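Inside the fold
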Amino acid sequence: MEAKKFIEEKVKEIKETVGDKRALVALSGGVDSSTTTVLAHRAIGKRLIPVFIDDGLMRAGEARRVKDIFKKLGIKVRVVIARREFFNVTTADPEVKRRKFRRTFYRMLGRIARRYKAKFLLQGTILTDIEETKRGVKTQHNVLEQMGIKPKRFGLPPVVIEPLKDLRKDEVREVARELGLPPEIYDRMPFPGPGFSTRVLGKLSPQRVNIVRKANTIVEEELAQFKPFQAFAVLMGDRATGMKKGKRHYGNIIVVRSVESTDARTATPSQIPWEALQKIQQRICTEVRSVSRVLYDLTPKEPATIEYI
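Conventions and cut-offs
- Residues numbered from 1 in each chain as written.
- Predicted model: local features only at pLDDT ≥ 70, side-chain atom pairs only at ≥ 80, totals over all residues.
- Heavy atoms only, no water.
- Helix = DSSP H or I, 4+ residues; strand = E, 2+ residues; numbered from the N terminus.
- Buried < 20%, exposed > 50% of the residue type's maximum accessible area, 1.4 Å probe, protein only.
- Polar contact = N/O pair within 3.5 Å; in protein donor to acceptor, adjacent residues only side chain to side chain.
- Contact = heavy atoms within 4.5 Å.
- Pairing = 2+ DSSP bridges.
- Axes fitted to C-alpha atoms, helices over the stretch in contact; angles between N-to-C directions.
- Core = buried A, V, L, I, M, F, W, Y, C linked by side-chain atoms within 4.5 Å.
- Expected span 1.5 Å × (residues − 1).
- Parallel < 35°, antiparallel > 145°, perpendicular 65-115°, else oblique.
- Left-handed = near helix turned anticlockwise from the far one by under 90°.
- Nonpolar A, V, L, I, M, F, W, Y, C, P; charged D, E, K, R; others polar.

**Regarding the side chain of Arg257**
- Its place among the elements puts Arg257 in strand 7 (residues 247-260).
- A residue is classified by how much of its surface remains accessible, and Arg257, at 0% relative accessible area, is buried.
- A polar side-chain atom of Arg257 sits 2.9 Å from the main-chain carbonyl oxygen of Thr305.
- Setting aside its immediate chain neighbours within four residues, Arg257 contacts Gln230, Ala231, Phe232, Asp297, Thr299, Pro300, Ala304, Thr305, Ile306 and Tyr308.

This is how it looks when you write it as structure tokens:
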């Protein structure tokens, strides 16, 4: 793939498809949705409605970060607060959790599309998303028509445009660089569309998301120097006995996951220095008071997936 030629072709396709109508794009701030947003903005300008849905499941300060980055690019992002709707998903089953997130996500987008009279929906679906969903590995929230799901089921615009659906993650990064997106976008580690709901095993609640969010911030900070493909924290569903200040502490368990990959089809665990892992453990157990144990995941993809849910 030649990035410059790809951009020219996709901008032309989007312009011809949308015409003089409006289009909605679901923007999370990751490289896939950001690249889609900039491609579409080049094609149709202010007739693009970029929306960041604040579902309470993203990294700390993410809404403000996304708005500021795209403001510098001349693109206005609308933030829609929808935390209550997403925390109604209380199931512990991984696949049911993903499907309920998808249903809530798309119904929300359908309402927003009607509000702005958008006739098209753009999203940053990539080839790996489609493959993993079709193979039954895990349901990606942004895969619809490839599974035979009609957009009208969720009240969405009838036409869904997915300009990146034939690309892998490394190719998307190349396009993002060519588009002039900043390194904090094109070099950023992947983050799941359903956010921290995929990193909380068991029941979802704001309290449990806050635990894993704090631990995740520590993991990202401490491992940034090693530049892994993806690194994050997972909150397990069980607890374990520990000790704090000489007394029994029945606390949460955090798993640290760090992997090396190019396109997410395969992945190997990062060989993190022992001193760095010790520092992560010390910081998490000190700064996230409910945690009693920190583990490091050594499993490649396959037999594991990169994410836990």
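**Digging into the sheet that holds strand 4 (residues 120-122)**
- Taken together, the 5 strands give an open sheet; going across it, the order is 3-2-1-4-5, and neighbouring strands pair in parallel fashion. Looking along the sheet, the strands with just one partner apiece sit at the ends: strand 3 (78-81) and strand 5 (159-161). In this sheet, neighbouring strand axes are inclined to one another by 30 degrees on average, regardless of whether the strands run parallel or antiparallel.
- Pairing analysis gives 3 bridges linking strand 1 (residues 23-26) to strand 4, with the strands arranged parallel. Across the sheet, the residue bridging to Leu24 is Leu121, located in strand 4.
- Along the sheet, helix 3 (residues 62-72) contacts strand 2 (48-54) and strand 3; its crossing angle with strand 2, the most-contacted strand, is approximately 160 degrees.

**Thoughts on the nonpolar core**
- Grouped together as the largest cluster of nonpolar side chains are 85 residues, with contacts concentrated most on Ile14, Leu24, Ile53, Phe70, Leu109 and Ile284.
- One finds Phe232, Val234, Ala264 and Ile306 within the second-largest nonpolar core, a separate group that totals 10 residues.

**Here we look at the environment of Ser205**
- Mapped onto the elements of the fold, Ser205 is located in the loop between helix 8 (183-186) and helix 9 (206-223).
- In this structure, the C-alpha to C-alpha distance between Ser205 and Asn88, residues 117 residues apart in sequence, is 8.8 Å.

**Focus: helix 5 (residues 94-115)**
- The first and last C-alpha atoms of helix 5 sit 32 Å apart over 22 residues, in line with the 32 Å expected at 1.5 Å per residue.
- Inspection of helix 5 places Lys97, Arg98, Phe101, Arg102, Thr104, Phe105, Tyr106, Met108, Leu109, Gly110, Ile112 and Ala113 among the buried residues, and these make up the whole buried set.
- Structurally, helix 5 contributes buried residues whose contacts are with strand 1, strand 2, strand 3, helix 4 (83-86) and strand 4.

**Quick look at the packing of helix 9 against helix 10 (residues 274-287)**
- It is the contact of helix 9 with helix 10, at a shortest axis distance of 10 Å, that shows an interaxial angle of 155 degrees. It follows from the interaxial angle that helix 9 and helix 10 lie roughly antiparallel. The two elements helix 9 and helix 10 meet at a crossing, and its hand is right-handed. From helix 9, Ala215, Ile218, Val219, Glu221, Glu222 and Leu223 reach across to helix 10, where they touch Lys279, Ile280, Arg283, Ile284 and Glu287.
- Residue composition of the contact of helix 9 with helix 10, grouped by class: 6 nonpolar, no polar and 5 charged.

**With respect to the packing of helix 1 (residues 3-18) against helix 7 (residues 169-179)**
- Look at helix 1 against helix 7: their axes get within 9 Å of each other, and the N-to-C directions meet at 80 degrees. If you check the angle between helix 1 and helix 7, you find them roughly perpendicular. Facing Ala3, Lys4, Phe6 and Ile7 of helix 1, the residues of helix 7 in contact are Glu174, Val175, Glu178 and Leu179.
- Class assignment for the residues of the contact of helix 1 with helix 7 results in 5 nonpolar, no polar and 3 charged.

**Focus on the environment of Ala23**
- Take Ala23: it is sitting in strand 1.
- Accessibility expressed as a relative area gives 0% for Ala23, which makes it buried.
- For the pair Ala23 and Pro157, spaced 134 residues apart in sequence, the C-alpha to C-alpha distance is 8.8 Å.
- Dropping the residues within four chain positions of it, Ala23 is found in contact with Val18, Ile44, Arg47, Leu48, Ile49, Ala118, Phe120 and Leu122.

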